[in-house]
Amino acid sequence: MDQIKHILAVVDPTKEQQHSLQRAVSLAQKTGAKITAFLSIYDFSYEMTTMLSKEERDAMRDAVIKDREAWLDELTATFVDIEINKQVVWHNRPFEAIIKTVIHSDFDLVVKSTHQHDTLKSVIFTPTDWHLIRKCPAPVLLVKDHAWPEQGHVLAAVNAASDNEQHQALNDRIITDAKFICNIADANLSIVNTYPATPVNIAIEIPEFNPSQYNEAVKKHHEDETYALAEKFSLERGQCVIKEGLPEDVIPYVAKEFKSELVVIGTVGRTGLSAALVGNTAEHVIDSLDCDVLALKPDGYKSPLED
């Protein structure tokens, strides 16, 4: 992502403050991007009104849409220095409405606000968030209720030692997009890479196995690969964090330690049986984060919702 031309800002009618729209406006002011404020609505009583004719039910639906369009007009009118297009869609699955709009209108970025636990103040990701993370072909920016400060911190999570070509390409995409965000947000960048601990069963089953030597070799391999990846993008070694442990433990810990406003992470978008059997590391990481998240797909990713 070397530019942002068109942003889809998902509006939440249950919220008084539209943080997704505010973040979209902030990004648009710095990039010149167009914004579409998007609202997916559906009244399930529409299906229950069997006493009414189809024409009457359609009239009811159109009246609800017009009411929400008027509300969007009022909402966007507060942003006087930027033009915002509006789109209201009647759909009983918000995630599907969002993704199909992205596919058909070629948006560069989807911005959606997250929910926070009232007492714990932690981020709660909704089913719609997870569907977008897994299936949306455009980058998805999930935002909390705070603005990004100047000289803030962005953390790019990579898998530097992977020999999988798709993962390597995704590493490049993650760092490229993270650097782009840092440039427009005047933020500082670090990259984080994790490596596995010594398998305990090997140390027990093979007496001549040297866990310390093995661990040092693994650590050095990940350090070398991470530093090489950083050098490729003109980053200093001091911007690299390489830690032992599971990604879902290490990455949220590092993000909290650096007080990161944003974590950029790649996901291959596994769904169905593949996700159930193999799992999705990125999702475990995201579920443990308490900051904004930019979730990216590999180049050429095709959504399962594409026709």
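Our subject is the structure that appears above.
Residues numbered from 1 in each chain as written. Predicted model: local features only at pLDDT ≥ 70, side-chain atom pairs only at ≥ 80, totals over all residues. Heavy atoms only, no water.

Q: Would you mind going over the overall build of the protein in detail, with residue names and values included?
A: Secondary structure assignment for the protein yields 11 helices and 12 strands. Counting all 307 residues of the protein, 47% fall into the buried class. Taking all contacts inside the protein whose residues are at least 6 apart in sequence as the whole, residues at least 24 apart take part in 78%. When the accessible surface of the protein is totalled, it reaches about 15900 Å², and 49% of it is carbon and sulfur. (Helix = DSSP H or I, 4+ residues; strand = E, 2+ residues; numbered from the N terminus. Buried < 20%, exposed > 50% of the residue type's maximum accessible area, 1.4 Å probe, protein only. Contact = heavy atoms within 4.5 Å. Areas by Shrake-Rupley, 256 points an atom, 1.4 Å probe, with all protein chains shown as cover.)

Q: Now, about the pattern of salt bridges: what can you tell me, with residues and values included?
A: Applying the stated rule across the entire model yields 14 salt bridges. In this structure, Asp224 engages Lys220 in a salt bridge whose closest nitrogen and oxygen atoms are separated by 2.9 Å. Here Lys220 and Asp224 lie together in helix α8 (residues 211-232), a separation of 4 residues that amounts to about one turn. One network of salt bridges, in which partners are shared, links Asp58, Arg61 and Asp62. (Salt bridge = Lys/Arg side-chain N within 4 Å of Asp/Glu carboxyl O.)

Q: Give a detailed account of the sheet that holds strand β4 (residues 109-113), specifying residues and quantitative values.
A: Taking strand neighbours across the sheet as the criterion, the 10 strands line up as β3-β2-β1-β4-β7-β12-β11-β8-β9-β10 in an open arrangement whose pairing is mixed. Two strands lie at the open edges of the sheet, namely β3 (84-90) and β10 (240-244), each paired on one side alone. Taken pair by pair, the neighbouring strands of this sheet meet at an average axis angle of 20°, ignoring direction. The pairing of strand β8 (residues 153-157) with strand β9 (residues 188-195) spans 5 bridges and is classified as parallel. Paired with Val154 across the strands is Leu189, a residue of β9. Against the sheet, helix α1 (residues 19-31) touches β1 (6-10), β2 (34-41), β3, β4, β7 (140-143) and β12 (292-296), its axis set at about 165° to β1. (Pairing = 2+ DSSP bridges. Axes fitted to C-alpha atoms, helices over the stretch in contact; angles between N-to-C directions.)

Q: Can you explain the pairing of β7? Please cite residues and give values.
A: In summary, the side chains of a regular strand alternate between the two faces of the sheet. Of the two faces of β7, the one holding Val140 and Leu142 and the one holding Leu141 and Val143 are both buried throughout. Examined bridge by bridge, β4 and β7 share 4 bridges and lie parallel to one another. When the bridges of β7 are listed, Ser113 appears paired with Val143. Sheet topology note: the β7/β12 ladder contains 3 bridges and is antiparallel. Across the sheet, Val140 pairs through a bridge with Ala295, a residue of β12.

Q: Can you explain the packing of aromatic side chains? Please cite residues and give values.
A: Applying the stated criterion to the full structure yields 2 aromatic pairs. Here the aromatic rings of Tyr42 and Trp90 are separated by 5.0 Å at their centres, their planes lie at 50°, and the arrangement is tilted. Taken together, the residues Tyr42 in the loop between β2 and α2 (45-48) and Trp90 in strand β3 connect sequence positions 48 residues apart. With relative accessibility at 22%, the residue Tyr42 sits in the partly exposed group. For Trp90, a relative accessible area of 17% corresponds to the buried category. Residues Phe125 and Trp130 carry aromatic rings whose centres are separated by 5.6 Å and whose planes lie at 55° to one another, so their mutual orientation is tilted. Under the relative-accessibility criterion, Phe125 is labelled buried at 9%. (Phe/Tyr/Trp six-rings, centres within 6.5 Å; stacked < 30°, edge-to-face > 60°.)

Q: Requested: an account of the side chain of Gln18, with residues and values cited.
A: Along the chain, Gln18 turns up in the loop between β1 and α1. Those residues within four positions of Gln18 in sequence are excluded, and the remaining contacts are Val11, Asp12, Trp71 and Leu75.

Q: Describe in detail the layout of surface pockets, supporting the description with residues and values.
A: One number sums up the size of the second largest pocket: a volume of about 280 Å³. Contributions of two or more residues to the lining of the second largest pocket are made by β2, α4 (94-105) and β4. Here the lining of the second largest pocket takes 3 residues from β2, the largest share from any one element. Within the lining of the second largest pocket, the residues separate by chemical class into 7 nonpolar, 6 polar and 2 charged. (1 Å grid on protein atoms, 1.4 Å probe; cavity = no way out; pocket = protein on both sides within 12 Å on 5 of 7 lines; lining within 4 Å. Points joined across faces, edges and corners; volume = space filled by probe spheres on them. Nonpolar A, V, L, I, M, F, W, Y, C, P; charged D, E, K, R; others polar.)

Q: Any chance you could break down the environment of Glu261 for me, citing the residues and the numbers?
A: Mapped onto the secondary structure, Glu261 falls in the loop between α9 (247-258) and β11 (262-266). Judged by its relative accessible area of 14%, Glu261 is buried. Beyond its immediate stretch of four places on either side in the chain, Glu261 contacts His146, Trp148, Pro149, Gly152, His153, Cys291 and Asp292.

Q: So what's going on with the packing of α1 against helix α6 (residues 165-185)? Which residues, and what values?
A: Running from amino to carboxyl end, α1 crosses α6 at an angle of 85°, the nearest separation of the two axes being 10 Å. Here α1 lies roughly perpendicular to α6, going by the angle between them. From α1, Leu27, Lys30 and Thr31 reach across to α6, where they touch Phe180, Ile184 and Ala185. Of the residues in the contact of α1 with α6, the class split is 4 nonpolar, 1 polar and 1 charged. (Parallel < 35°, antiparallel > 145°, perpendicular 65-115°, else oblique.)

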